[in-house]
Amino acid sequence: MVRKKLDERIRTLFQHSLATNQRSLLLLVGDHGKDQVPNLHQILSRTADLNQSSSDNNHHVKIQQTKNNSVLWCYKKELGFSTHRKKRMEKLKRDKKRGLAKSSSGNNIGGGNNKLEQMDNFELFLSNTDITWCYYKDSHRVLGTTHSILVLQDFEALTPNIMARTIETVKGGGLVVFLLRTVKSLRQLYAMTMDVHSRYRTEGSGEVLTPRFNERFILSLASCRNCLVCDDELNILPLSKKTLSRLTKMGLANGKRGGNDHDDDDDGTSSKRKKRKDVASYGSDDDAQLERLKETLRDTPHVGKLVELTKTVDQARAVLTFLEACADRDASSSSSSSPLALNGGTKVVSLTAARGRGKSAALGLCLAGAISFGFASVAVTAPSPENLVSVFQFLIEGLKALKYQEHYDYTLGYNYGTSDGDGGRNNGGRGGGGGGEKAGRDNTKCIVSVTIHGGNSKGGKGRKVQTVRYVRPRDAEKFASAELVAIDEAAAIPLPIVRGLMQLESNHNGKKNGGAAGDAGGQRRLTFLSSTINGYEGTGRALSLKLIKELRDSNAGKSGRGATVDAAMAAGAEIAGAASKKGEAKVHERRWAAEAAAAKDAGVSTSGGGGGPSLKELELDRPIRYALGDPVESWLNGLLCLDCDHASFGAEDDGVSSRGKNGRDGAAMELEGGAPSPAECELYHVDRDALFSYHRLSESFLQKLWGLYTSAHYKNTPNDLQMLSDAPAHNLFVLLGPTAEDDGSGDAALPDILAIIQTSLEGKLSRKTVQAQLARGHRSAGDLIPWTMSQQFGDGNFARLSGARVVRAAVHPQVQGMGYGSRAMELLYRYYNGEMVSLDGTAGGGGSDDDESDDETQSESSSSSDEEPTSDALLHKESPKPRKKLPPLLLPLSSLPTPKLDWLGTSFGLTPALHAFWSRRAGMTLLYLRQTSNELTGEHSAIMIRALPKRSGWDDAWLPAFGADARRRIGRLLGGAFRGMEVKLAVSLLGDAAVDSNDRKRIRDPNALREVQRRSGSESSRLAPDELRCHLTSHDLQRLELYGRNLCDHHLINDLVPALANLYFTGRMTGWGNDNGEFRLSSVQSALLCGMGLQRKGVDELVAELSLPVNQVLAMFNKAVKKMSMAFHNLLVEEESKDLVPGGKGGEDGLKKAEANVRRIRDVVGQTLEEEETEGAAVAMDALEKRQQASGEQKPKAKNSGVTGTRLPAEINDPEIMKYALKGTDEDWAKALEEKDDDAAAGGTIQVKSTKAKTPKKRKAEKSSEGVMEDVLKNEKNMMSSSKKKGKKVNSKTKKSRKST
């Protein structure tokens, strides 16, 4: 096969890239594209040598070209050839023995085995070139490296993250090569199935997937000025006619210039220099300034050596600013015992830059300078140790420049061999920071600590141990002893954590301590902030939009007009007015004079050196590896929306950001239409086919939309953009103002985006799939909420339900907190609940017609391509353009068909603000809280759900049942996995104690109510006495009563607080409160009960967390315990009252009888019978005496009652009463009692001889015979009784005598 001549436009592209220090992009389409990599490497090397030799005559031109042009080759799994040198040599020997190698040894220009020649060329390339082989999954290992050529093989395995991560390693003048398989048309790449698509497909969404990202990728190549698309034989494809014509003109100009080179040199003219200056003078002025700066600082101690290592003027100025802040701290610490006691000077230095600007290198050099200035403890943090590879690398370079020697002056610690994860101790070179992680395929071995043993510190006094160590962002307590805190990639760390690391708050919980931002001179440590404003790590504009703005405001309030006004007002307030003769006292004049003097003094103090600003902002604009305005960088930023927050959309791509020099955001994020009323805003659905069509208006809208994402979230990656474009289950909604549909045409017609909501349809899984996955303990990708709920609650029926998960919700930073997020969620709920009414019957029909027409067009083109005689005819002729027929970009919700869903949910990292929004504003219920926290943020993942009863065919009783179960679980885990949670957040998670009972009241279905009772573990919401006795004994209740009456200390009942908290937060106290039956505690009382009872926190911890005095905390806790003790007392009293009711406890008949008995004995006197008789007799006698005295009668004397020995009043003559009178005298009764004692065997009756006075009776004439017989019987009976008595007495006496003997 005859060799083909290389297209000169490829060589022209390489020459232009090397001359301007820009990178080139080449897309090779074909299965044999990898065979052209050695040729491209050879062409690039020869072109670089020619440019280097031609630039020797122009010393002002600087070409960044190294001798060793390394290659980075990234692939998925298999290369298709061996990279082992020994194996290749053995193969060459075998080929030589077979005679195959000899046949290809000559230059087969006219013929020969081209395949063997290519094999020799490829073998030489592999043997003689420095090639770094890297799997795609290990692409994080190439961080901080620099290469000349990047080869990206296996296009189907490529992701946006990998693309951004690897392309940034290519230096200026280098080449980026994409290897694609053979296709007949570039349009076939639109429908190429990527490996990541398998994670996007779910059972509910089906197998249909539209790869919109590939189409946008191919179409965007035409906008890159340094991009060429070739086949595997290096034939250029006409992707962009503009780029090809530009390269053609440049080639012609270079040819003319090359033919006159000798004439120009001989004539001494400057035409050649002028032409080259237009191309190659990209960094001459900046390089000259950098050289002058280095020359000026060369003799400066500690500074000159570090500035020598910088590459750009921006980087040198940043290092000087960092070192100046260290010097201010060092100067102030000479008169202060603690370096944190700063009275002035810079306390925060913020450095922001795009990727490749050298910010990590500047931070590393600064840390080396801090060591030379005597800082003893320096803490460095980042999202992961891998982000600090460049920082520690340049820290070591700086130490070497300052004459530090490894192993003699300092030792290094790596991220393996430790388990404490502090990263600050170096045990024989084993330092740590990776939390016990070992270096491997997933974890890169990197330096995490540098320990300086002393001897070279500033002043040279003593041997001072200094440490620079990596600490995880969530370990805030390990930053307490740090004199300097360096935060790299701060935009990828949540804003509250960054605030805590800077000590802007006293408790590191996102709550300011009264003016800490303005007067915390002794609280805020020296902090260096470094952040990438765009990149693959995950970016967010919260750092610049919120934190930096707060620092600016505090800086202005401390050293600007705010301090002057405060000083003047304070001085004027000290002048008191006179009581009289105010005119003579001249109070106003004195106040004016005092205020003017104070304002003057304040102005002098703030403008002096000691009261300088506490914040300095820096920004790096010039790249290190390549020139400013690199076309490949601009193309990558536009493709992955990395620079969308401040880019000017619609303007020509000049490669230069429109952001100002001060680092402030441009006008892209400004709201042009103001802030309308949330009630007037409407929610629109965004068609993704139109959004990712690469149309000019669609692209502007996409950049604005993604800019809003980065401004609202701390972590955004390019992979999220691909998921939004290709995932079939995802949908996008935007909240627009009321005038969105009335705007005209053009770029200015794009409406302001107030809020964005991204949702994903999940669920609708088959029963077989659910049972099979749960039986194995695994779950497939996607469907986050259905699988989690099925596993947590053991209910496979939930996965069969369908729902929508809110993936992201973002509100414009200028209108946050104004109700737009709540309005968007309300409209989304109404849409999924079927409340959006469509007035026409053609909802969603327009988009489907356009899609069908597009599909027909694509099918026609594909069918026509199949009829072509050659496979590459269409490939070499077509020039892909964006589609002309597109569906509407925005559609109102009323014109869309509503899917039938059962729930609307979300998953997020739990914070107090987010939980309050989703629970109160969105009306969702917390169902799941992950026990393990996030390594970076320390947040626990939460899942919240809201039922959609209108669109659902299922009963929504499962929601309160799952909610009760989740609250019960969380309450049990508060003392374990969730103990470190804020008590306020813990109380909000448990919710109101009456929520459970109210949910039960709303449920009317008995089956659903039984399910709720089964999930909650109790049949009734009221606390029963038997259940109370299981938690508390009678002695425990007595202790609670004593504490409620302030008769003992709270330590006496500490063991009972968990039981009290469990009863209250599980809703068991419902019905034992006020008249309404609700038992409620105040917010502070609930927090104290939760903190001490469930989280097992001490009083001191709660005092610090709630910011309340100790006495107030104990008083509120006493009130809560007293209230619960009274409720328990009422419960037991009610039970005892039921026990006293006859007829059974609570019986209705028994209760009626008891009430009748109470009414019957209502008037019973509380005196005894004897007391009542005595009192009544005394009253009657008094009344009788009064009547006698009133009538003048004398008091009658007491008459004998007729019974001897008795004295009764003369008024008592009633014979019925007299028959109960006792007979006999006192002597008779005493004698009878003595006889009773002597005769113990006698009966229990005592007889007394009657002494009744005998009344004379008339003698009867004669006694009857019956009377005579009665008298005789009586006499006999008396005689017999007397004889028995005498015999008993004799027997008793004999017994006594026997006992005595």
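Cut-off values and rules
- Residues numbered from 1 in each chain as written.
- Predicted model: local features only at pLDDT ≥ 70, side-chain atom pairs only at ≥ 80, totals over all residues.
- Heavy atoms only, no water.
- Helix = DSSP H or I, 4+ residues; strand = E, 2+ residues; numbered from the N terminus.
- Buried < 20%, exposed > 50% of the residue type's maximum accessible area, 1.4 Å probe, protein only.
- Contact = heavy atoms within 4.5 Å.
- Areas by Shrake-Rupley, 256 points an atom, 1.4 Å probe, with all protein chains shown as cover.
- Pairing = 2+ DSSP bridges.
- Axes fitted to C-alpha atoms, helices over the stretch in contact; angles between N-to-C directions.
- Core = buried A, V, L, I, M, F, W, Y, C linked by side-chain atoms within 4.5 Å.
- Patch = residues over 30% accessible without salt bridge, like charges linked within 9 Å, V, L, I, M, F, W, Y side chains within 5 Å.
- Salt bridge = Lys/Arg side-chain N within 4 Å of Asp/Glu carboxyl O.
- Parallel < 35°, antiparallel > 145°, perpendicular 65-115°, else oblique.
- Left-handed = near helix turned anticlockwise from the far one by under 90°.
- Nonpolar A, V, L, I, M, F, W, Y, C, P; charged D, E, K, R; others polar.
- Expected span 1.5 Å × (residues − 1).
- Lys, Arg positive; Asp, Glu negative; His and termini not counted.
- Charge placed at Lys NZ, Arg CZ, Asp CG, Glu CD.
- Phe/Tyr/Trp six-rings, centres within 6.5 Å; stacked < 30°, edge-to-face > 60°.
- pLDDT = per-residue confidence, 0-100.
- Disulfide = S-S within 2.5 Å.

## Overview of the overall build of the protein
Each helix and strand counted, the protein has 46 helices and 22 strands in total. Among the 1301 residues that make up the protein, the fraction classed as buried is 46%. Restricting to contacts in the protein with at least 6 residues of sequence separation, those with at least 24 account for 75%. If you sum the accessible surface of the protein, you get close to 66,900 Å²; carbon and sulfur atoms cover 51% of it.

## Some words on the sheet that holds strand β14 (residues 615–620)
One open sheet accounts for 8 strands, arranged β9-β10-β11-β8-β12-β13-β7-β14; its pairing is mixed. The open sheet terminates on both sides in strands that have one partner only, identified here as β9 (410–414) and β14. Going from strand to strand, the sheet's axes swing by 15° on average, the running direction of each strand aside. Judged from the 4 bridges that link them, strand β8 (residues 377–381) and strand β11 (residues 466–470) form a sheet pairing that is parallel. Paired with Val 380 across the bridge in β11 is Tyr 470. Most of the contacts of helix α15 (residues 359–372) go to strand β12 (residues 484–488), to which it runs at about 170°, and overall it touches β7 (348–353), β8, β10 (447–452), β11, β12, β13 (526–532) and β14. Its contacts with the sheet put helix α16 (residues 389–401) on β9, β10, β11 and β12, and the angle it makes with β10 is roughly 25°.

## A short note on the sheet that holds strand β5 (residues 170–180)
Reading across from one edge, β3-β2-β4-β5-β1-β6 is the order of the 6 strands in this open sheet, with parallel pairing throughout. The sheet terminates laterally at β3 (131–135) and β6 (227–231), the two strands that pair on one side only. Taking the axes of each pair of neighbouring strands and ignoring which way they run, one obtains an average angle of 20° across the sheet. Lying over the sheet, helix α6 (residues 160–167) contacts β2 (71–75), β4 (147–152) and β5, oriented at roughly 145° with respect to β5.

## Brief notes about the nonpolar core
Counting 83 residues, the largest nonpolar core has Leu 904 and Phe 1128 as the members making the most contacts within it. Among the elements that line this core, the one with the most residues is helix α41 (residues 1110–1139), at 9 residues. When sequence neighbours within four positions are dropped, the list of residues in contact with Phe 1128 reads Leu 1023, Leu 1028, Leu 1032, Leu 1037, Leu 1040, Leu 1060, Leu 1063 and Met 1069.

## A short note on a nonpolar patch on the surface
A contiguous nonpolar surface patch, about 360 Å² in accessible area, is contributed by Leu 1222, Trp 1229, Leu 1233 and Ile 1246. Tracing the sequence through the fold places Leu 1222 in the loop between α44 (1215–1218) and α45 (1226–1238).

## Observations regarding the packing of helix α39 (residues 1083–1094) against helix α40 (residues 1099–1106)
Axis separation between α39 and α40 bottoms out at 10 Å; the angle between their running directions is 140°. With respect to their mutual orientation, α39 and α40 come out oblique. The way α39 lies across α40 gives a crossing that is right-handed. Seen from α39, the contacting residues are Leu 1088, Gly 1091 and Met 1092; seen from α40, they are Val 1099, Leu 1102 and Leu 1106. Its residues assigned to classes, the contact of α39 with α40 shows 5 nonpolar, 1 polar and no charged.

## Considerations on helix α32 (residues 958–973)
Along an α-helix, residues three or four positions apart point the same way, because every turn accommodates 3.6 residues. With 16 residues, α32 extends 22 Å between its outermost C-alpha atoms, agreeing within 8% with the 22 Å of an ideal straight helix rising 1.5 Å per residue. Burial of α32 is extensive: 12 of the 16 residues sit out of reach of the surface.

## Remarks on the pairing of strand β21 (residues 925–929)
By the criterion of burial, β21 is predominantly enclosed, with 4 of the 5 residues buried. Looking at chain direction, β21 and strand β22 (residues 941–947) are connected through 4 bridges and run antiparallel. Counterpart to Thr 925 in the pairing with β22 is Ile 945.

## Some remarks on unusual backbone geometry
In this structure, Lys 403 takes a positive phi of about 70° despite not being glycine. By the secondary structure assignment, Lys 403 is in the loop between α16 and β9. Note on Lys 403: relative accessible area 61%, which makes it exposed. The backbone phi angle of Ser 1107 is positive, close to 55°, even though this residue is not glycine. Positionally, Ser 1107 belongs in the loop between α40 and α41.

## A word on the pattern of salt bridges
Taken as a whole and assessed by the stated rule, the structure comprises 30 salt bridges. For the salt bridge of Glu 1105 with Lys 1097, the shortest nitrogen-to-oxygen distance reads 3.0 Å. Residue classification places Lys 1097 among the buried residues on the basis of a relative accessible area of 8%. Where salt bridges share partners, they join Glu 295, Arg 298 and Glu 308 into one cluster.

## Some remarks on a negative patch on the surface
Judged by side-chain charge, Glu 1170, Glu 1171, Glu 1172, Glu 1173 and Glu 1175 come together as a negatively charged surface patch. By the secondary structure assignment, Glu 1171 is in helix α43 (residues 1169–1191).

## With respect to the packing of helix α33 (residues 983–990) against α39
Direction vectors running N to C along α33 and α39 enclose 100°, while the axes themselves pass 9 Å from each other. Here α39 runs roughly perpendicular to α33, going by the angle between their axes. Across the interface between the two elements, Val 983, Ala 986, Val 987 and Leu 990 from α33 touch Ser 1086, Ala 1087, Cys 1090, Gly 1091 and Leu 1094 from α39. Across the contact of α33 with α39, the residue classes break down as 7 nonpolar, 2 polar and no charged.

## Focus: the side chain of Ser 70
Topologically, Ser 70 is positioned in the loop between α2 (37–54) and β2. Ignoring sequence-local partners within four residues, the contact set of Ser 70 consists of Asp 130, Thr 146, His 147, Ser 148 and Ile 149.

## Quick notes on the packing of aromatic side chains
Evaluated as defined, the whole model comprises 20 aromatic pairs. Ring plane angle 85° and centroid distance 5.1 Å describe the contact between Trp 706 and Tyr 709, whose orientation is recorded as edge-to-face. Residue Trp 706 and its partner Tyr 709 are located together in helix α25 (residues 696–712), separated by 3 residues, close to a single helical turn. Residue Trp 706 is classed as buried on the basis of its relative accessible area of 3%. On the basis of relative accessibility, which here comes to 0%, the residue Tyr 709 falls in the buried class. Through pairs of rings, three or more aromatic residues link up here, namely Phe 793, Phe 798, Trp 903, Trp 958 and Phe 962.

## Brief notes about the confidence of the model for the protein
Here the protein shows a mean pLDDT of 75. Residues at 70 or above account for 67%. pLDDT under 50 marks residues 102–112. Its contacts with residues more than four places away, or in other chains, come to 10 contacts.

## Structural notes on the environment of Ala 1115
Tracing the backbone shows Ala 1115 in helix α41. In this structure Ala 1115 comes out as partly exposed when scored by relative accessible area, which is 37%. Measuring from C-alpha to C-alpha, the distance between Ala 1115 and Asn 1046 comes to 9.9 Å, with 69 residues separating the pair along the chain.

## A look at the environment of Asp 138
Within the secondary structure, Asp 138 is located in the loop between β3 and β4. Along the backbone, Asp 138 and Ile 162 are 24 residues apart, and their C-alpha atoms lie at a distance of 9.6 Å.

## Some thoughts on the state of the cysteines
What we call a disulfide is simply a covalent bond connecting the sulfur atoms of a pair of cysteines. All chains considered together, the criterion is met by 0 disulfides. This cysteine, Cys 224, is not joined by any disulfide, and Cys 227 carries the nearest cysteine sulfur, 5.1 Å off. Residue class for Cys 224 comes out buried when judged on its relative accessible area of 1%. Here Cys 326 stays free of any disulfide, with the sulfur of Cys 366 as its closest cysteine sulfur at 4.5 Å.

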